[in-house]
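Each chain, written out:
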Amino acid sequence: MKTWKKLIISPEATLKQALKAINDGTAQIAIVADQNYKLLGTVSDGDIRRALLVDISLDSKVTDIMNSKPKSAMFGASKEQLQQIYKEHKVRQIPLTTEQGILKGVEFFDDLLLEPSVLLHNRVLLLVGGKGERLGELTKNFPKPLLDIGGKPLLETSIENFKKQGFHNFLLSVNFKSDIIKNFLGDGSRYQVNINYIDESEALGTAGCLKLIDQELTEPIVIMNGDILTNINFSSILDFHNDMGAIATMCVKEYIQDIPYGVVSTTKNILEGLSEKPKFSYFINAGIYILSPEALKYLPQKVEYFDMTSLFLSIKEHSNKVFTYPINDYWLDIGRLSDLERARYEYSKYFL
């Protein structure tokens, strides 16, 4: 994702220019797109070699030899969906597009399947101060992020997932039963990560605790609610945020609502339409965010309750650099007992 724009060439480009883009991009591929980033095709180094073997000039247009129907995926496709494409089509680079075919990124085989070769210095803020009251007796005297799911605390799974992707600097915003969380995780050394704590003397919402960060941010921070179980690719979201020059990025998840009845539309008792058992689709806030340091200036001047929705709306009033990132990987907000039961049932399928 980090270098995909370097791979783009115009349909007017020559094979010589395509070859330079392939060499400069170090991805064995060039992507042909128009000025609006609409995907037109791809050219590999193998395509150019085969063209030269049949005496096609390096000054020929890239459209003469490009693959005009490259295998692509929807932007936001899950890791499992991308892996299936690799398995079936043996491609090592997959353009990611919108429904209209507009390029939003490129997924590389090596980035998807291999462990990170470098550590990411971006901080990860986990919001773990809530009381989890909807879970009743289970969380009356125990913090929800430490509930057992799959034989280990939910919070431990979250930290391990971030670590696998190269993140190692963690902030935990704590309030309810903070001593239990601190005693369990400590400074993070047993996970080979760094853990520091933000102590909320009172509930500050999902964004208010940002005022208590004691060191100045120099790069984007990843923020996640502490009651989410997910296996999404956080580094890809961070790449998207950086590529877009975003101030704030919110992850969103499609939510489909089934209506088990026929829905009737009327105007002054006149039947206008009837839809039998329709489905309505919405994007919901997934509780995962990336904020650039600039975003913090939109917080209230004093430390007070402030939620992430208010922060995003405040930024949006002053800037168009606020984006959403659709996720299709496994994601579950554990708010109710039914969610906890589902998480425990599905854990082995997605995390073992």
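Q: Quick question: what am I supposed to make of the overall build of the protein chain here?
A: Helix and strand content of the protein chain: 10 helices and 19 strands. Structurally, the protein chain occupies a C-alpha span of about 75 × 65 × 45 Å along its principal axes. A total of 352 residues make up the protein chain; the buried ones form 49% of that total. Intrachain contacts of the protein chain at a sequence separation of at least 6 include 67% that bridge at least 24 residues. In the structure as shown, the protein chain presents an accessible area of about 18700 Å², 49% of it carried by carbon and sulfur atoms.

Q: Honestly, a nonpolar patch on the surface in this entry has me stumped. Any pointers?
A: A surface patch of nonpolar side chains, amounting to about 360 Å² of accessible area, comprises Tyr255, Val263, Phe280 and Tyr282. With respect to the helices, strands and loops of the structure, Val263 is situated in strand S15 (residues 262-267).

Q: What am I meant to see in the environment of Gly335 here?
A: Assignment of secondary structure puts Gly335 in the loop between strand S19 (331-333) and helix H10 (337-351). Here Gly335 falls in the buried class, since its relative accessible area comes to 2%. For the pair Gly335 and Thr230, spaced 105 residues apart in sequence, the C-alpha separation works out to 14 Å. The contacts of Gly335, once residues within four sequence positions are left out, are Arg134, Leu135 and Lys144.

Q: Can you help me understand the confidence of the model for the protein chain in this one?
A: In regions of low pLDDT, the predicted coordinates are not meant to be interpreted in detail. Across the protein chain, the average pLDDT comes to 89, with 95% of residues at or above 70. No element of the protein chain has a lower mean pLDDT than helix H4 (residues 109-113), at 59, and none a higher one than strand S12 (residues 221-225), at 98.

Q: Which parts of the structure should I look at to understand the sheet that holds strand S4 (residues 73-74)?
A: Sheets are built from strands that pair by backbone hydrogen bonding, the pairs being arranged parallel or antiparallel. Spatial ordering of the open sheet is given by S4-S5-S6, a layout of three strands whose pairing is mixed. For this open sheet the edge positions go to S4 and strand S6 (103-108), each flanked by a neighbour on one side alone. This element, helix H3 (residues 79-89), spans S4, strand S5 (93-97) and S6 of the sheet and lies at about 135 degrees to S5.

Q: Sorry if this is basic, but what is going on with empty space enclosed by the protein here?
A: Think of a ball as big as a water molecule: rolled over the atoms, this probe shows where empty space is left. Per the stated rule, a full pass over the model turns up one cavity of 30 Å³ or more. Lining the largest cavity are 16 residues, with Ala77, Glu107, Asn233, Tyr325 and Asp329 positioned closest to its centre. Of all the secondary structure elements, the ones that give two or more residues to the lining of the largest cavity are H3 and strand S18 (322-326). Across the lining of the largest cavity, the residue classes tally to eight nonpolar, five polar and three charged.

Q: Would you mind going over the nonpolar core with me for this structure?
A: Nonpolar side chains tend to gather and get buried jointly when the protein is soluble and globular. By size, the foremost hydrophobic cluster in this structure holds 40 residues, and its most contacted members are Leu126, Leu155, Phe162, Phe170 and Leu172. For Leu155, the residues in contact, after removing those within four places along its chain, are Leu126, Val128, Pro145, Leu146, Leu172, Ile181 and Leu185. Judged by nonpolar contacts, the second largest core, of 26 residues, contains Leu171, Ala207, Ala248 and Leu311.

Q: Looking at this structure, I do not really get the sheet that holds strand S2 (residues 29-33). What am I missing?
A: Taken in spatial order, the three strands line up as S1-S2-S3 in an open sheet, and their pairing is mixed. Looking at which strands have only one partner, the edges of the open sheet turn out to be strand S1 (8-9) and strand S3 (39-44). Sheet topology places S1 next to S2; two bridges connect them, and they run parallel. Bridging across to S2, Ile9 finds its partner in Val32.

Q: Sorry if this is basic, but what is going on with the pattern of salt bridges here?
A: Charged atoms that come close allow side chains of opposite charge to pair. Counted according to the given criterion, the structure contains eight salt bridges. With a shortest N-O distance of 4.0 Å, Lys16 and Asp59 are connected by a salt bridge. Of the two residues, Lys16 sits in helix H1 (residues 15-25) while Asp59 sits in the loop between helix H2 (45-53) and S4, which places them 43 residues apart along the sequence. You can call Asp59 exposed: its relative accessible area is 55%.

Q: Can you walk me through the packing of aromatic side chains in this structure?
A: Here the distance between the centres and the angle between the planes together describe a pair of aromatic rings. If you walk through the whole model with that rule in mind, you get 11 aromatic pairs. Consider the rings of Phe240 and Tyr325, whose centres lie 5.3 Å apart with planes at 65 degrees: the pair is edge-to-face. On the criterion of sequence distance, the pair formed by Phe240 in helix H8 (residues 234-243) and Tyr325 in strand S18 is long-range, its members being 85 residues apart. Given the relative accessible area of 3%, Phe240 is considered buried. In this structure Tyr325 comes out as buried when scored by relative accessible area, which is 9%. Of the aromatic side chains, those joined through ring pairs into one cluster are Phe75, Phe240, Phe323 and Tyr325. The aromatic ring of Phe184 is capped on one face by Arg190, whose charged end is 4.7 Å from the ring centroid.

About the thresholds
Think of each chain on its own: its residues are numbered from 1, step by step along the sequence as written. Per-residue local features are limited, in this predicted model, to residues with pLDDT of at least 70; the limit for side-chain atom pairs, both in listing and counting, is 80 or more; totals at the level of whole chains, interfaces and linings are taken over all residues. Side-chain calculation: all heavy atoms of the structure are included, whereas hydrogens and water are not. In this text, helices come from DSSP runs of H or I with a minimum length of four residues, and strands from runs of E with a minimum of two, each type numbered from the N-terminal end. Type-normalised accessible area, obtained with a 1.4 Å probe on protein chains alone, sets the label of each residue: buried when under 20%, exposed when over 50%, and partly exposed for intermediate values. Contacts are assigned to residue pairs with any non-hydrogen atoms lying within 4.5 Å of each other. Surface accessibility in these figures is a Shrake-Rupley result with a 1.4 Å probe; residues are shielded only by whichever protein chains are displayed. Each patch is built from residues lacking any salt bridge and having more than 30% relative accessible area; the joining distance is 9 Å for like charges and 5 Å for nonpolar side chains (Val, Leu, Ile, Met, Phe, Trp, Tyr). By definition, a salt bridge exists where a carboxyl oxygen of Asp or Glu is found within 4 Å of a side-chain nitrogen of Lys or Arg. Looking at any residue, its pLDDT shows the predictor's confidence there, from 0 to 100. Between any two strands, pairing holds if DSSP finds at least two bridges. Axis angles are defined between N-to-C directions and span 0 to 180 degrees, where every axis is a line fitted to C-alpha atoms and, for a helix, only to the segment in contact. Here a cavity denotes grid points, spaced 1 Å and computed from the protein atoms alone, that fit a 1.4 Å probe unable to get out, and a pocket denotes an open set having protein on both sides within 12 Å along at least 5 of 7 lines; residues with an atom within 4 Å of a point are the lining. Grid points are joined across faces, edges and corners, and a volume is the space filled by probe spheres set on the points. Each residue gets one of three labels, nonpolar for Ala, Val, Leu, Ile, Met, Phe, Trp, Tyr, Cys and Pro, charged for Asp, Glu, Lys and Arg, and polar for the others, Gly among them. Residues belong to a common nonpolar core when they are buried Ala, Val, Leu, Ile, Met, Phe, Trp, Tyr or Cys residues joined through side-chain atoms within 4.5 Å. Paired rings are identified among Phe, Tyr and Trp, the last through its six-membered ring, by centres lying within 6.5 Å, and are further divided according to the angle between planes into stacked (under 30 degrees), edge-to-face (over 60) and tilted (the rest). A ring is scored as having a charge over it whenever the NZ atom of a lysine or the CZ atom of an arginine sits within 6 Å of its centre and within 35 degrees of its normal.

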